[in-house]
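Survey of secondary and tertiary structure
Spelled out from the first residue to the last, the chains are:
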Amino acid sequence: MGLSTSTKTFDARVKESLDDTFMQKAVAKAQDDQWIKRETSREKLGNWEEWRDLGEQIRQHTLENLDFYLEQFSDNVTKNGGKIFFASTEKEATDYVKDVIRQKNAKKIVKSKSMVTTEIDLDRLLLEMDGVSVMETDLAEFILQMDDWDEPSHIVFPDIHKNREQIRLVFKEKLGYDGDNEPEHMARFAREVLREFFLDADVGITGCNFAVANSGMVNLVTNEGNADLCESIPDTQIVLMGMERIVPNMADAEVMDNLLSRSAVGQSLTSYITFSGPKLTEESDGPDDFHVVILDNKRSEALGTEFQSVLQCIRCGSCLNVCPVYRTIGGHGYGSIYPGPIGAVLSPVLGGYEQFGELPYASSLCGACTDTCPVKIPLHGLLVEHRRVMTDELKMGHGFVDQQMRFIAKATASPFLFKQALKFGHVGLGVLGAKPSTTTENLYQYGGFINGGFGLIKGWTSVRDLPRPPKERDNFRTWYKNREAGGAAE
């Protein structure tokens, strides 16, 4: 899968998403439910804005001193008996993981949910190895794997686009499940299937929510405890982490876990908060062989730039849960494993503008994402910055779109042309007008709305209510002119 989840064009993906009414209803319900849970849990914490300020300070401080904390973390992991590998590219990361598996002659791999492993397409590459089987142990990821590796559609809830009956049919077809579609029954069945893999696994692969620099510990946050089994049962654990996912100390990790749990799932704490590392001599479980792969994959290119703040992200998905664009097109419309506002900012940083240049424009710039972000990433500002870079620095605005924008710029900058547009706008756009029945929502738009058009006009009117311009005698300028004339006469 990798960073990109589709070979289709952005327009084709959006059209498919707009036709998927089930997905839209599922996303809307999830957003509404999460709003209540999230805001309630944040309120219970008290002084939420102060917590956000603290989270932002921790993340900014860490990024500004990232070299120091990465070196400290590396030294402590090594001191504890673990191994560290710094991977500049996704190929270096996957090659290292495959080498460890070959050296161990491992056959069965269990994985907990990890965005980084999805980013580097690790599952597919491991399955290409002779005799190696891989099992995703997060329940949602397990469902997607059973459904022929369906694409995830959310950072925290990857199977949000499926309903319980669809999941039941997947379990029936692929695993012989003969029960009903009650979530409790299906979850119990999945647990029985997964337990066998846990007990037989040779290698456990996990992600990393936060690496604690001054102890060399890896902080894992899960709802199901599957990461605990991935790291405690197999003899070998491999951790994959983005180079920015680090905090200075345990106190900072506690702050971040509080912010993450409340923002991601609306809980005071998720079910399992774990700190792992190599098995110590006095411990009865844990890996004898502990590896941490620290991935760059173009993250370092954002350091010191206007996009550095996107590396503050803690992958809570809160911005997705308030975004009106995500509510409409879901995760698959973005074509990236990182959808929503954070994906629209991060995907071009990691994958480039040629592949993900449309995403910064897939936004209403309402700012809801920035307001909800627990570490105060200025997401809507970064979306605008991406647009500026593409337009002003890289000159990527070309072709018909560029010509349209140049024409609009000239027309609006010319008093004569602007007045002519006001004079003939009502008549000229009348052919595109559609007058709906009067409701409380359009009570004052008695002239109707523009429906259709070409180029940028069509792109705007297909998703927004654009009122038909009034007749010249009814527009503001004419009214103001007559008012001033009447006032002078008096």
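Within any chain, residue numbers begin from 1 and follow the written order of that chain's sequence. Selection of residues for local features in this predicted model requires a pLDDT of at least 70, selection of side-chain atom pairs for listing and counting requires 80 or more, and totals for whole chains, interfaces and linings are taken over all residues. Neither water nor hydrogens contribute to the side-chain values; these are computed over all heavy atoms in the structure.

This part is about the sheet that holds strand 9 (residues 272–276). Whether two strands pair depends on DSSP finding at least two bridges between them. What counts as a helix is a DSSP run of H or I of at least four residues, what counts as a strand is a run of E of at least two, and both are numbered from the N terminus. Read from one edge to the other, the open sheet built from 4 strands follows the order 8-5-6-9, with strand pairing classed as mixed. Each edge of the open sheet carries a strand with a single partner, namely strand 8 (246–247) and strand 9. Of the strand pairs in this sheet, strand 5 (residues 210–212) and strand 6 (residues 217–222) are connected by 3 bridges, and their pairing is antiparallel. Note on strand 6: the bridge partner recorded for Ala211 is Val218.

Every patch collects residues that have over 30% relative accessible area and no salt bridge, joining them within 9 Å if they carry like charges and within 5 Å if they are nonpolar side chains (Val, Leu, Ile, Met, Phe, Trp, Tyr). Here the accessible surface of atoms and residues is derived via Shrake-Rupley with a 1.4 Å probe, and residues count as covered only by protein chains that are part of the display. Note on definitions: salt bridges are taken to be side-chain nitrogens of Lys or Arg within 4 Å of carboxyl oxygens of Asp or Glu. The grouping of Val401, Met405, Phe407, Ile408 and Leu456 at the surface amounts to a nonpolar patch, some 470 Å² of accessible area in total. Among the elements that line the nonpolar patch, the one with the most residues is helix 18 (residues 399–413), at 4 residues. Structurally, Phe407 is set in helix 18. Residue exposure (1.4 Å probe, protein chains only): buried if accessible area is under 20% of the type maximum, exposed if over 50%, otherwise partly exposed. Among the residues examined, Phe407 registers a relative accessible area of 60% and is labelled exposed.

Looking now at unusual backbone geometry. Across the chain, the bulk of peptide bonds are trans and the bulk of non-glycine residues have phi less than zero. The residue Asn105 is not glycine, and still its phi comes out positive at about 55°. As for its placement among the helices and strands, Asn105 is situated in the loop between helix 5 (90–104) and strand 2 (108–111). The backbone phi angle of Asp121 is positive, close to 60°, even though this residue is not glycine. Secondary-structure assignment places Asp121 in the loop between helix 6 (115–119) and helix 7 (122–127).

Assignment of secondary structure puts Pro374 in the loop between helix 16 (368–372) and helix 17 (379–393). A relative accessible area of 1% places Pro374 in the buried class. With 326 residues separating them in the primary sequence, Pro374 and Trp48 have C-alpha atoms 8.8 Å apart. When checking whether two residues touch, look at their non-hydrogen atoms; a contact exists if any pair is within 4.5 Å. When sequence neighbours within four positions are dropped, the list of residues in contact with Pro374 reads Arg42, Trp48, Arg52, Leu259, Ser263, Ile314 and Cys316.

What follows concerns the sheet that holds strand 2. Strand order in the open sheet made by the 6 strands is 1-10-7-4-2-3, with parallel pairing throughout. Both edges of this open sheet fall to strand 1 (83–87) and strand 3 (133–136), since each of them pairs with a single strand only. On average, adjacent strands in this sheet sit at an angle of 20° to one another, irrespective of strand direction. Alignment of strand 2 against strand 3, held across 4 bridges, turns out to be parallel. Along strand 3, the bridge assignment pairs Lys111 with Glu136. To get an axis, fit a line to the C-alpha atoms, keeping to the stretch in contact for a helix; angles then go from 0 to 180 degrees between the N-to-C directions. Sheet strands in contact with helix 4 (residues 66–79) are strand 1, strand 7 (236–242) and strand 10 (289–295), and its direction is about 145° off that of strand 1. Along the sheet, helix 5 contacts strand 1, strand 2, strand 4 (203–206), strand 7 and strand 10; its crossing angle with strand 10, the most-contacted strand, is approximately 170°.

Moving on to the pairing of strand 6. Of all 6 residues that make up strand 6, 5 are buried, and the element is covered over most of its length. The loop that links strand 5 with its antiparallel partner strand 6 comprises 4 residues; one of these, Gly216, has a positive phi angle of about 75°. Both strand 6 and strand 9 contribute to a ladder of 5 bridges, which runs antiparallel. Along strand 9, the bridge assignment pairs Leu220 with Thr274.

Helix length check: helix 12 (residues 250–265) (16 residues) gives 22 Å between terminal C-alpha atoms against 22 Å at 1.5 Å per residue, within 8%. Between N or O atoms, a polar contact is any pair within 3.5 Å; within protein, one atom must be a potential hydrogen donor and the other a potential acceptor, and residues adjacent in sequence are included only when both atoms are from side chains. Two to three positions downstream of the cap, the backbone nitrogen of Ala251 sits 3.2 Å from a side-chain oxygen, assigning the N-cap of helix 12 to Asn249. Phi turns positive, to about 70°, at Gly266, one or two residues after helix 12. Every helix has an expected span of 1.5 Å times one less than the residues it contains.

Glancing now at the pattern of salt bridges. Per the stated rule, a full pass over the model turns up 31 salt bridges. Close ionic contact of Lys29 with Asp33 constitutes a salt bridge, the shortest N to O distance being 2.8 Å. Within this pair, Lys29 and its partner Asp33 are both found in helix 2 (residues 21–45), separated by 4 residues, close to a single helical turn. Here Asp33 falls in the partly exposed class, since its relative accessible area comes to 31%. Where Lys111 meets Asp123, a salt bridge forms, and the shortest distance between an N and an O atom there is 3.5 Å. A residue pair is termed long-range when its members are at least 10 positions apart, and Lys111 in strand 2 and Asp123 in helix 7 qualify at 12 residues. Neither Lys111 nor Asp123 differs from the other in exposure class; each is buried. What emerges from the salt-bridge pattern is a single network uniting Glu119, Glu244, Arg299 and Arg315.

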